[in-house]
Amino acid sequence: MTDAATGPLIVGAMVRTLGAYPSGWRQPGAHADPRTDAAVLRRVAGLAEDADLDYLFFGDWLATGPDLEFRDPYLLARIDPVSAVLFLAGITERIGLIATVNSTYADPYATARATASLDLLTGGRAGVNLVTGAEPRAAANHGRDAHADNEARYDRAEEFVRALRLLWESWDDGAWVADADAGVLIDADRLRTAALRGTQVRVEGPLNVARPPQTHPPIVHAGTSPRSRALAATEADLALIAAGDPAVAAATRTELRALAAASGRDPEDLKVIVPVLPVVAETDAAARAIVDRLLLLVPLDDGASGHAGRPGFPANRTLASFLDVAGIAPDDLVRAASIDDVVPALTAAGFAEAATRTLDVVRVRSGRDLDGEHPITWRHLIAAHAVPANFVVGGPAVIADHFESWRDAGAADGFNVLSAFQPAQFEAFTAIAVPELRRRGLIGRQGATLRERLSLGAPRLAHVEAVAAPGR
């Protein structure tokens, strides 16, 4: 039987200032200029804190290129995540602040110093999301000929985590004496070297920042490979997983918690978080209308727009590509149709399985159908297939039902909330959905520090493990 979570869920905001859906920035009034990200960050942080969310989460990507305009526009230009959380540290009071660091390229001492500093400045609200990277262009940006393979990246990531934990523990409790009469500022015996000499990471320490209030700011990790799952289970406090089905998510959560227990951890200290992309409005119909517009705004090759000639434009955004997925014969007359033509019901009846699933998604999420006042066009199907998204679409009851059903199925301990565009959709989530989540007891955790809000136990001390390890 699945071990279901109980009580309020962990709910954080995954901040993407240009929106989490590729056409979101084209919505009327949507934020579309990264040069003015500061204003959106202030707005989102204020809304999240007023809504009593648990944290703000900032991802990262260490390269850019014209292809990202169509695939993930929010990655084209964005504030460095550590800079973003330090910016918000001074204008927030309660909410956790989680920044992404790529352990393949980052320096562990600098990372420990920045995160310990953030934790001190915020009174224990810092967290760090460790990634190993998947963008080959990042290698050239860091003076390397090639991106490291999976095994090498995770060898380094494991040592990187150990180095962070040792460095954060450089100063024991009670190390600062500050006895003015005796002229003694520190107890030198309580300052540790924090030395680690691994195959990938070497640090000597100690860290020149006082012990963080949380000792270990919570560590976050996401990934699907066996090495990634092992790192999340043994070292992370939050494991981020991507799953569109609660049964799949529940199985993954069970697997990760079992791995955590096998490593000697309390599995309750590993929280499994899934992303959610709510499209929220006062009514279900109004929310579906937003999705309908998002689909219509996805850039496609319609033969006249000129998109196809632009660098990095995806090849799967044509009528011909969707018809191939649908299994429509090459000589079928429908290939001569315009992408804005209505999809004939007779043609749709012959769709292959993948295209039928896309048709069902468009029906449910946009409110359109093959017949009636608002029929489905080829444009809707091409966009939904080329740019898939696990939207949860509706008014407050629909959003709360989704959160509650996943919790009760043991599929997740919490959610990272994405917004299709900013700031209007995040405003809608906090103003419309959060009150219903609060009424059902699905939101509203307690704790002065981020570790406490996440219901994490006391951190395992790295220097104790280092002493206890064989051969040390």
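This text goes with the structure placed above it.
Residues numbered from 1 in each chain as written. Predicted model: local features only at pLDDT ≥ 70, side-chain atom pairs only at ≥ 80, totals over all residues. Heavy atoms only, no water.

**Student:** Even after reading the chapter, I still don't get the pattern of salt bridges, so can you show me in this structure?
**Tutor:** Opposite charge on two side chains permits pairing when their charged atoms draw close. Tallied over the full model, the rule gives 33 salt bridges. The salt bridge involving glutamate 427 is made with arginine 43; its shortest N-O contact spans 2.9 Å. With glutamate 427 in helix 15 (residues 424–439) and arginine 43 in helix 1 (residues 37–50), this pair connects stretches of sequence that are 384 residues apart. The partner of glutamate 235 in a salt bridge is arginine 165, and the shortest N-O contact between them spans 3.1 Å. Of this pair, glutamate 235 sits in helix 7 (residues 226–235) while arginine 165 sits in helix 6 (residues 150–168), and the two are 70 residues apart along the sequence. Note on glutamate 235: relative accessible area 16%, which makes it buried. Exposure remark for arginine 165: the relative accessible area of 4% places this residue in the buried category. Salt bridges sharing common partners tie together Asp401, Glu404, Glu436, Arg439 and Arg440. (Salt bridge = Lys/Arg side-chain N within 4 Å of Asp/Glu carboxyl O. Helix = DSSP H or I, 4+ residues; strand = E, 2+ residues; numbered from the N terminus. Buried < 20%, exposed > 50% of the residue type's maximum accessible area, 1.4 Å probe, protein only.)

**Student:** Any chance you could explain helix 12 (residues 353–366) here in plain terms?
**Tutor:** Relative to the 20 Å expected for 14 residues at 1.5 Å per residue, helix 12 spans 20 Å between its end C-alpha atoms, a close match to the ideal helical length. Looking only at helix 12, the buried set comprises Ala355, Thr358, Leu359, Val362, Arg365 and Ser366. With its buried residues spanning 150 degrees around the axis, helix 12 presents them on a single face. In helix 12, the exposed positions angled more than 90 degrees off the buried face are occupied by Glu353 and Val364. (Expected span 1.5 Å × (residues − 1). Arc of directions from axis to C-beta.)

**Student:** Help me understand the packing of aromatic side chains, please; the structure alone is not making it clear to me.
**Tutor:** Two numbers describe a pair of aromatic rings. These are the distance of the centres and the angle of the planes. What the rule picks out here adds up to ten aromatic pairs. Measuring from ring centre to ring centre gives 5.0 Å for phenylalanine 70 and phenylalanine 313, while their planes differ by 80 degrees; the resulting arrangement is edge-to-face. Taken together, the positions of phenylalanine 70 in helix 2 (residues 68–71) and phenylalanine 313 in the loop between helix 9 (284–296) and helix 10 (319–326) put the pair 243 residues apart, joining distant regions of the chain. Residue classification places phenylalanine 313 among the buried residues on the basis of a relative accessible area of 12%. What links up through ring pairs into an aromatic cluster is the set Phe403, Trp406, Phe415, Phe426 and Phe429. Here the basic side chain of arginine 317 rests over the ring of phenylalanine 313, its NZ or CZ set 6.0 Å away from the ring centre. (Phe/Tyr/Trp six-rings, centres within 6.5 Å; stacked < 30°, edge-to-face > 60°. Lys NZ or Arg CZ within 6 Å of the ring centre and 35° of its normal.)

**Student:** Would you mind showing me how to read the side chain of asparagine 102 here?
**Tutor:** Note on placement: asparagine 102 falls in strand 3 (residues 96–102). The exposure class assigned to asparagine 102 is buried, which follows from its relative accessible area of 11%. A distance of 2.9 Å separates a polar atom in the side chain of asparagine 102 from the backbone nitrogen of threonine 104. Apart from the residues within four sequence positions on either side, asparagine 102 is in contact with Leu62, Val131, Thr132 and Gly133. (Polar contact = N/O pair within 3.5 Å; in protein donor to acceptor, adjacent residues only side chain to side chain. Contact = heavy atoms within 4.5 Å.)

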